[in-house]
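Here is how the chains run, residue by residue.
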Amino acid sequence: MQACGCGEEQIPWMLAKFGLLGTAGLVLAGLVLMMLAGWALGWSVWLVRRRGERTRPTAEDEGLAGFTWRDDEP
């Protein structure tokens, strides 16, 4: 039998193996996993930045705290 270039040879391997709903389910599961990874990355960055704010010196601790302009300067 000759291969005519039609039929199962033209179907992508994943679609042929899992079917239409299986392939769509795998694609959607991949998208959900990528969304969850993005949320986890954003959450971890938020935690790191929040921890950095607690250790940051306040305005009173900085070098120019309490600086005022005086009128008698030229």
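Residues numbered from 1 in each chain as written. Predicted model: local features only at pLDDT ≥ 70, side-chain atom pairs only at ≥ 80, totals over all residues. Heavy atoms only, no water.

Asks: Explanation requested: the overall build of the chain in the structure shown.
Replies: Secondary structure summary: the chain contains 1 helix and 0 strands in total. In the structure as shown, the chain presents an accessible area of about 7,400 Å², 65% of it carried by carbon and sulfur atoms. (Helix = DSSP H or I, 4+ residues; strand = E, 2+ residues; numbered from the N terminus. Areas by Shrake-Rupley, 256 points an atom, 1.4 Å probe, with all protein chains shown as cover.)

Asks: Where do I start with the side chain of Thr23 in this structure?
Replies: Its location among the elements puts Thr23 in helix 1 (residues 13-55). In this view, Thr23 contacts Met14, Leu15 and Phe18; residues no more than four positions away in its chain are not counted. (Contact = heavy atoms within 4.5 Å.)

Asks: Whenever I open this one, a nonpolar patch on the surface confuses me. Can you help?
Replies: Among the surface-exposed residues, Val27, Leu28, Leu31 and Met34 lie close enough to one another that they form a single nonpolar patch of about 400 Å² accessible area. Exposure remark for Val27: the relative accessible area of 45% places this residue in the partly exposed category. (Patch = residues over 30% accessible without salt bridge, like charges linked within 9 Å, V, L, I, M, F, W, Y side chains within 5 Å. Salt bridge = Lys/Arg side-chain N within 4 Å of Asp/Glu carboxyl O. Buried < 20%, exposed > 50% of the residue type's maximum accessible area, 1.4 Å probe, protein only.)

Treat this as a map of the structure, not an account of what it does.
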